[in-house]
Amino acid sequence: MHESADLGLAKGRRDKLPARAALAAAGVALSLLALVGCVPLLGASDSYESAVDKLETERPSRLAFNTPGGVYTAEQRVSMEIVNIDHEPEAIYYTTDNTTPTSSSQRYTEPLTVSRTQFIRAKAVFAEETGEPDAFAADLYVIADELAMPDDHGYAKQWHYGAISMPQAWTILVDDYLRDPTRGAVLQPRTTPIRIAVLDTGYRAHPDLRENITHGSHGAGGGGWDFVGNNCDPTDPRLDSHGTHVSGTVAAVSNNKDGVAGIGWDGDNTESNSHLAVVPVRVLDTDGVGTTADIAEGIRYAAGLENASGTTPDPVHVINLSLGGPGRPNDKALYDAIKSAVEQGITVIAAAGNNGAEDDTAVLYPANFDNTIAISATTSENVLAGYSSFGWEVDFAAPGGSAHHPVWSTTGDSGYAGLIGTSMAAPHVTGVVGLLYAYEPRLTQADIYAILKRSANRLSTNGRTKEFGWGLIDAEAALRTLFTHGHTEAWASGTSTTALSSQHRGVRPQGSNEIDWENAEYEPNTLLVRFRDDGGEPAAWPQRRSSAAELGRAYGLTSVHARGRTAVARVAPQRSLPDVARELARDPRVEHVQPNYIYRAVR
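The rules behind each value
Residues numbered from 1 in each chain as written. Predicted model: local features only at pLDDT ≥ 70, side-chain atom pairs only at ≥ 80, totals over all residues. Heavy atoms only, no water. Helix = DSSP H or I, 4+ residues; strand = E, 2+ residues; numbered from the N terminus. Buried < 20%, exposed > 50% of the residue type's maximum accessible area, 1.4 Å probe, protein only. Contact = heavy atoms within 4.5 Å. Areas by Shrake-Rupley, 256 points an atom, 1.4 Å probe, with all protein chains shown as cover. Expected span 1.5 Å × (residues − 1). Pairing = 2+ DSSP bridges. Axes fitted to C-alpha atoms, helices over the stretch in contact; angles between N-to-C directions. pLDDT = per-residue confidence, 0-100. Phe/Tyr/Trp six-rings, centres within 6.5 Å; stacked < 30°, edge-to-face > 60°. Lys NZ or Arg CZ within 6 Å of the ring centre and 35° of its normal. Core = buried A, V, L, I, M, F, W, Y, C linked by side-chain atoms within 4.5 Å. Salt bridge = Lys/Arg side-chain N within 4 Å of Asp/Glu carboxyl O. Parallel < 35°, antiparallel > 145°, perpendicular 65-115°, else oblique. Left-handed = near helix turned anticlockwise from the far one by under 90°.

(A) The arrangement of the overall build of the protein in detail. Looking only at helices and strands, the protein features eleven helices and 23 strands. A buried classification covers 61% of the 603 residues belonging to the protein. Counting only contacts in the protein whose residues sit at least 6 apart along the sequence, the fraction spanning at least 24 positions is 74%. As displayed, the protein offers around 21,500 Å² of accessible surface, 47% of which is attributable to carbon and sulfur atoms.

(B) Structural context of helix α7 (residues 422–439). With 18 residues, α7 extends 27 Å from end C-alpha to end C-alpha; this agrees with the ideal 26 Å at 1.5 Å per step. With 18 of its 18 residues buried, α7 lies for the most part within the structure.

(C) Looking closely at helix α8 (residues 445–455). Considered for burial, the residues of α8 that qualify are Gln445, Asp447, Ile448, Tyr449, Ile451, Leu452 and Ser455. Those residues of α8 hidden inside the fold are in contact with α6 (332–343), β15 (347–351), β16 (373–378), β17 (396–399), α7 and α9 (475–485).

(D) Expanded view of the sheet that holds strand β13 (residues 318–321). Read across the open sheet, the seven strands follow the order β10-β11-β9-β13-β15-β16-β17; overall the sheet is parallel. Either end of the sheet is taken by a strand with one partner, and the two such strands are β10 (225–226) and β17. One ladder, built from seven bridges, connects strand β9 (residues 194–200) with strand β11 (residues 276–282); its direction is parallel. The partner of Ile194 across the bridge, within β11, is Leu276. Packed onto the sheet, α7 meets β9, β11, β13, β15, β16 and β17 and runs at close to 165° relative to β15.

(E) Representation of the confidence of the model for the protein. Mean pLDDT for the protein: 76, with 67% of residues reaching 70 or above. Here residues 82–86 scores under 50 on pLDDT; set against residues more than four positions off or in separate chains, the count is 13 contacts.

(F) Quick peek at the packing of aromatic side chains. This model, assessed by the stated rule, comprises ten aromatic pairs. Ring geometry for Phe227 versus Tyr301: centroids 5.8 Å apart, planes at 75°, classification edge-to-face. With Phe227 in the loop between β10 and α4 (242–251) and Tyr301 in helix α5 (residues 292–302), this pair connects stretches of sequence that are 74 residues apart. In this structure Phe227 comes out as buried when scored by relative accessible area, which is 1%. An aromatic cluster of three or more residues is present, and its members are Tyr155, Tyr161, Trp170 and Trp265. Above the ring of Tyr599, the side-chain terminus of Arg328 is found at 5.9 Å from the ring centroid.

(G) View of unusual backbone geometry. Cis rather than trans, the peptide bond between Tyr365 and Pro366 has omega equal to 10°. Residue placement: Pro366 occurs in the loop between β15 and β16. A positive phi angle is found at Asn382, which is not glycine, with a value near 60°. On the secondary structure map, Asn382 appears in the loop between β16 and β17. Residue Asn382 is classed as partly exposed on the basis of its relative accessible area, which comes to 21%. A positive phi is found at Asn525, a non-glycine position, where the angle reads about 60°.

(H) View of the nonpolar core. Core analysis: the biggest nonpolar cluster contains 67 residues, and Met166, Phe396 and Leu436 have the highest contact counts within it. Per-element tally for this core: the top contributor is α7, with eleven residues. Excluding residues that lie within four positions of it along the chain, Leu436 makes contacts with Leu443, Ile448, Ile451, Leu452, Ala478, Leu479 and Leu482. Formed by 56 residues, the second largest nonpolar core is a distinct cluster that contains Trp225, Leu323, Val348 and Tyr599.

(I) Geometry of the pattern of salt bridges. Under the counting rule described, the total for this entry stands at 14 salt bridges. For Asp240, the salt bridge identified is with Arg238, shortest N-O distance 2.8 Å. One salt-bridge network, held together by shared partners, links Arg328, Glu521 and Arg600.

(J) Looking closely at the packing of α7 against α8. Orientation of α7 relative to α8, taken along the N-to-C sense of each, is 110°, at an axis distance of 11 Å. In terms of orientation, α7 lies roughly perpendicular with respect to α8. Crossing angle aside, the handedness with which α7 passes α8 is right-handed. Of α8, the residues touching α7 (which contributes Val429, Val433, Leu436 and Tyr437) are Gln445, Ile448, Ile451 and Leu452.

(K) Examining the pairing of β13 more closely. On β13, burial covers both faces: Val318 and Asn320 on one face and Ile319 and Leu321 on the other are all buried. Pairing of β13 with β15 involves four bridges; the strand directions are parallel. Paired with Asn320 across the strands is Ile349, a residue of β15.

(L) Seen up close, the side chain of Arg464. Summarising the element assignment, Arg464 is placed in the loop between α8 and α9. Classification of Arg464 by relative accessible area gives buried; the value is 8%.

(M) Main features of the environment of His160. Along the chain, His160 turns up in helix α2 (residues 159–163). On a C-alpha basis, the gap between His160 and Trp408 in space is 8.4 Å, while along the polypeptide they are 248 residues apart. With residues up to four places along the chain from it excluded, the contact list for His160 reads Pro399, Pro406, Val407, Trp408 and His428.

Next up, the structure:
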């Protein structure tokens, strides 16, 4: 869905701020009240020192300030509100001069007025159930216009970054917090950007994105590929490019006084080349439609594995799949491609779908597979978007927008648009995951999952839910979790897993004889066939070319085209596709056969 592409002007200081003060800040949409300064609360029996250490990472419940967002041009009112906690504080005491509040400080009773550069420091006080004296549970901060916020003209419309604490995350990326060994691991970012594969409709050479699109050698760096046209130019022929919009959320050029910002910005107040770079992989055509053959090969390309392009680039760290199709548990070719990527240490993020329902097939494939991280969509009010698919397969939520508040990003050759959908939600998670890899590139998907789970903003008191999974991603909390525990916890253990740790994720592809041929949507008259070698193992094409030709004659296949390790075989018009597939499945020379399923951009 589109909105007017004209962008308002948003200005903001990007001064460095003490790390503890970065726990809260203003939102970005002028018309919104955003929850910021989110810090959880523990029981009063915890000492203040131990509480702080736990609060910054575990965040079991939340205390938030409501602050009017946007550009601060004069004094304005700031209110404080308690949300998502089991008990109310006895009082909140605050100071406006950065001194530590005590029980003799000013007590909050009504909204406060603060200046544009002032910030409030506050403490919540709780009474012990045993009647012991009051104890401070946590520090809280409100700051007015002091976070790292980019000066891009359209940033004022990107409310969705405030929803996942991106300004706070950008602030701590340039804060001394990262270089203070007493705060935990001393982690520094990579000198070269983390490469993010966006498997989509391709991209347009947008001036606000072009700098952060890879253009390297396809043999070494890997500059992208078009698996639809089978060439090295992944340009999207359509101006309203779905892939360009998705890519902009990840890595639009930020802080250049133009357009919009991308999550990959390093938070500094100089123009940035971004911590992240997008590798565009075109697997969907101009209608946003693609097949298993192309998507699976695109995943293998992104993972640096043998693929149909004939090139093996350096593997990426994250793959974004804002695409899907219903009811594809039989798509073993796609499942295996994702499994191979995850085994390389790559994290695979997938959009849950826009079915607006919850049933056995509402969450689209490949998000429905147990080897992807499935993302549902929220609105600016932090509720599930009406269009978003949901179910126990959902792992996390991210902003996908609504008609009145869409997600703003790059589109066309130089334009900007507001779109909505889980397609827009997924790259928010992809970008945050990319930042985690920027500081610890040895993470596995299992490590990433554990960090996101630990740091997510629980939008429900019920733990994991069908709507939000483990909750709304929180960029600041995720980075703090990594920075605080990176030196002691096994985030970079080198271990790898295909299935994610959840009692609700158990979907795996079935055998080809389980396919529902009546309802299967596939590229007309085509099958995917993987051949065995003489030892009974799958053979890489073209070693089994003679066997393929023989099978073609035997089973009425009019053509067999190489697509990496799997061939696309076209069935003669007079033959029934299900009949041919069943016959091939019984042939000892065939390792696997299935339809060439159709997937679509999740618009």
